[in-house]
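# Observations on chain architecture
Read off the chains here:
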Amino acid sequence: MSEKQQDSQGTTKAKDSPAGGGIEITNKNLENIGVELLPIHTEGTVHAKRIPGIFRKMKWIIASFWLILFIGPYLRWDGQQAILWDLGNRQFHFWGLTILPQDIWILAMILLFFALLLAASTAIAGRLWCGYFCFHTVWTDVFTWLEEKFEGQPNKRQKLEEAPMSLAKLKIKAPKHAIWLLIGFATSFSFVAYFTDALDLWARLFALEWGSVEATVVIVLGLATYFFAGFLREQTCIGFCPYARIQGAMIDTQTIVPTYDVDRGEPRGRMKRPKPGEEVPELGDCIDCNLCVAVCPTGVDIRRGQQFGCITCGLCIDACDSVMDKIKKPRGLIRYASLQEFSGKKLPAIWKRPRVIVYTSIMGFAAGAILFGLLTMSPIDVKALHERSPLFVQMSDGTIQNKWTLKIVNKKADDLRVMISVNGGPSSLNYIVGDNVVVRPGTVGSTTLLVKIPRKDLQDSNTPLKIVVEDLDNPQVKSTYDTVFIGPKPR
């Protein structure tokens, strides 16, 4: 796109050009080397221009992570879906590992870790989540990329948008909207597929056997994706996203964000050729091409300083660097930098910043807890509830009896058959287990345990015992519960 903002004879002189022999930068030769002089559009939909660069490449690489979420529900493990939130049975299956409500603290630690990671990354380098990882940013990027393929560059899209509806306009826009809706459906379907078997969900779709909840979630979420990514776009970030509202509390003067070097770039602009004898004003390196604004997905002019709409994606840096390369100026007119750096103060090392230390310390605690939980997690979980009333019973033969109710959790994907034994106490100890226990996957089985010890063999009122629950099909899998046998005080 090339729209002249100045007279065709307009010139700009480099700030460091020698007097009388400076290199004139005219609108015409700027266009000859590929620098487009773009107007700033402040109203209507933002149609961002796309140019190659390191930050654009990083956005595509990171965005590809979300593609994994589309194939996640179809990955299988040991005959079942590898990743499945089974809310009906209160189970979370992840590659053969089943997390039950008893282990929900691990999920809490995972959420804590990523919440602090978000805070730490924001304190260090601004809204990295918004610029690179946010699903809305990624979906909007994909939607606008498709829009460019169907409707052309920004100037063509703007003209098409302003044109009255016609058959020709409908032929261009209809395929784009059809693909948008298809992406919205794929997104919502994949989301639901994480909560039920994906293959079964497809089968019931073609058989028209979906429940009202499934159908409602797929339709509503699909249309929401279509509407927010296709139409609201940057307005979602500016007007709806709660994270954008709290960014001021998470960013400080030491945070590095895309920043315009005012001292180097100002005064900017393109001026007319001076008349003979007229003094040539010194200008900064910014030639006011507005390319940094044209590529911004939220329409921010970074030259006006830090703004609410900036998602720190760095695309303006790619744009400015490309222009600097073409006019033979050093890169970095727009770059990642902190306000403290521009004030002349030295930026402290990341590991010496208090906020970063606090965030990373909590992250380390959460990561350690997660690792501990995963390493110590057993396919069997046992709880032994001692009978409280009475604590013990003296039998007619002089033995003392204690009773426990055993709760056995099966975290395996198949049935669990267990053998229960009691270790510890005197050799005269005798125990009786209730009915044979077969626990269904992801459920809790219960049985009773009676332990008898002759009173004469009790050395104390509390005798330590170990209740061992062992998997009959895999004896290496077992769980031990420490308890005490309660009796009268020895005579």
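These figures come from a predicted structure and were not determined experimentally.

## Considering the overall build of the protein chain
Of the regular secondary structure elements, the protein chain holds 18 helices and 18 strands. Going through the 491 residues of the protein chain one by one, you find that 44% of them count as buried. Put simply, of all contacts in the protein chain between residues at least 6 apart along the chain, 68% involve residues at least 24 apart. A total of about 26,400 Å² of accessible surface is found on the protein chain, and carbon and sulfur atoms cover 62% of it.

## Some remarks on empty space enclosed by the protein
It is a probe the size of a water molecule, rolled over the atoms, that shows where empty space is left. Summed over the entire model, instances satisfying the criterion amount to five cavities of 30 Å³ or more. Counted as a void, the largest cavity has a volume near 250 Å³. Thr137, Thr140, Asp141, Thr144 and Pro297 are, among the 20 residues lining the largest cavity, the residues nearest its centre. Broken down by secondary-structure element, the contributors of at least two residues to the lining of the largest cavity are α2 (54-63), α6 (135-151) and α11 (234-240).

## Let's talk about the sheet that holds strand β6 (residues 91-94)
On the basis of which strands lie adjacent, the open sheet formed by three strands has the order β5-β6-β7 and antiparallel pairing. Strands with a single pairing partner mark the edges of an open sheet, and in this sheet they are β5 (83-86) and β7 (97-99). With direction set aside, neighbouring strand axes in the sheet form an average angle of 10°.

## Observations regarding the environment of Asn430
Locating Asn430 in the fold gives a position in strand β14 (residues 430-433). For Asn430, the contacting residues outside a window of four places in its chain are Leu450, Val451 and Lys452.

## Focus on the UniProt feature "transmembrane region" (unreviewed entry) in the protein chain
Within this numbering scheme, the UniProt entry marks residues 60-77, 104-125, 178-195, 215-232 and 356-375 as carrying the feature "transmembrane region" (unreviewed entry). End C-alpha to end C-alpha, residues 104-125 measures 32 Å, and it is 100% helix and 0% strand. As annotated, residues 178-195 has a helix share of 89% and a strand share of 0%, and its two end C-alpha atoms lie 27 Å apart.

## Here we look at α6
For α6, which comprises 17 residues, the first-to-last C-alpha distance of 24 Å matches the rise-based estimate of 24 Å (1.5 Å per residue) to within 8%. Of all 17 residues in α6, 12 are buried, a share of seventy percent or more. Listed as buried for α6 are His136, Thr137, Val138, Trp139, Thr140, Asp141, Phe143, Thr144, Leu146, Glu147, Glu148 and Glu151. Directly beyond the C-terminal end of α6, a positive phi value near 95° is found at Gly152.

## Observations concerning the layout of surface pockets
Taken as a whole, the largest pocket encloses approximately 2,000 Å³ of empty space. As for the largest pocket, its lining consists of 48 residues, and the residues nearest its centre are Phe65, Trp66, Leu69, Trp129 and Phe135. Per-element accounting of the lining of the largest pocket gives the leading share, eight residues, to helix α4 (residues 104-125).

## A closer look at the pairing of β6
Where β5 lies against β6, four bridges are found, and the strand directions are antiparallel. Considered in β6, the bridge of Leu84 is made with His93. What sits between the antiparallel neighbours β5 and β6 is a turn of four residues, in which Arg90 has the positive phi angle 55°. Sheet topology note: the β6/β7 ladder contains three bridges and is antiparallel. From the neighbouring strand, Phe92 faces β7, where its bridge partner is Ile99. In this structure, the hairpin formed by β6 and β7 is closed by a connection of two residues, where Trp95 is found at a positive phi of approximately 50°.

## What to know about the pattern of salt bridges
Pairing is possible between side chains of opposite charge, provided their charged atoms come close. A full pass over the atoms with the stated rule returns 30 salt bridges. In this structure, Asp285 and Lys329 form a salt bridge, with 3.7 Å as the shortest nitrogen-oxygen distance. Placement of Asp285 in the loop between α14 (262-265) and α15 (291-294) and of Lys329 in the loop between α16 (315-326) and β9 (334-337) is noted, with a sequence separation of 44 residues between them. Just as Asp285 is buried, Lys329 falls in that class too. Across the pair Lys466 and Asp482 runs a salt bridge whose closest N-O atoms are separated by 2.7 Å. Of this pair, Lys466 sits in strand β17 (residues 462-471) while Asp482 sits in strand β18 (residues 478-486); the two residues are 16 residues apart in sequence, bridging distant segments of the chain.

## Things to note about the sheet that holds strand β13 (residues 416-423)
Spatial strand order, β15-β13-β17-β18: four strands in an open sheet with antiparallel pairing. Looking at the sheet topology across the chains shown, the edges are occupied by β15 (438-439) and β18. In the sheet, β17 pairs with β18 via nine bridges, with the strands oriented antiparallel. Its bridge partner lying in β18, Pro464 is registered against Val484.

## With respect to the packing of aromatic side chains
The full count for this structure, using the stated rule, is 23 aromatic pairs. Ring plane angle 85° and centroid distance 5.8 Å describe the contact between Trp66 and Trp139, whose orientation is recorded as edge-to-face. Taken as a pair, Trp66 in helix α3 (residues 65-71) and Trp139 in helix α6 lie far apart in primary sequence, 73 residues in all. One exposure class covers both Trp66 and Trp139, and it is buried.

## Considering unusual backbone geometry
Residue Pro267 follows Glu266 across a cis peptide bond; omega there is -10°. In this fold, Pro267 is placed in the loop between α14 and α15. In this chain, Ser389 is followed by Pro390 through a cis amide linkage whose omega measures 0°. With respect to the secondary-structure elements, Pro390 resides in the loop between β10 (380-386) and β11 (393-394). If you check the backbone angles, Asn290 has positive phi at about 65° while not being a glycine.

## Here we look at the side chain of Thr399
In this structure, Thr399 sits in strand β12 (residues 399-410). On the accessibility criterion, Thr399 (12% relative accessible area) is buried. A polar contact of 2.8 Å, which involves the side chain of Thr399, links it to the side chain of Asp397. Setting aside residues no more than four positions away along its own chain, Thr399 makes contact with Val393, Gln394, Lys452, Ile453, Pro454 and Arg455.

What counts as what
Residues numbered from 1 in each chain as written. Predicted model: local features only at pLDDT ≥ 70, side-chain atom pairs only at ≥ 80, totals over all residues. Heavy atoms only, no water. Helix = DSSP H or I, 4+ residues; strand = E, 2+ residues; numbered from the N terminus. Buried < 20%, exposed > 50% of the residue type's maximum accessible area, 1.4 Å probe, protein only. Contact = heavy atoms within 4.5 Å. Areas by Shrake-Rupley, 256 points an atom, 1.4 Å probe, with all protein chains shown as cover. 1 Å grid on protein atoms, 1.4 Å probe; cavity = no way out; pocket = protein on both sides within 12 Å on 5 of 7 lines; lining within 4 Å. Points joined across faces, edges and corners; volume = space filled by probe spheres on them. Pairing = 2+ DSSP bridges. Axes fitted to C-alpha atoms, helices over the stretch in contact; angles between N-to-C directions. UniProt positions renumbered as here; feature names shortened; annotations may be inferred. Expected span 1.5 Å × (residues − 1). Salt bridge = Lys/Arg side-chain N within 4 Å of Asp/Glu carboxyl O. Phe/Tyr/Trp six-rings, centres within 6.5 Å; stacked < 30°, edge-to-face > 60°. Polar contact = N/O pair within 3.5 Å; in protein donor to acceptor, adjacent residues only side chain to side chain.

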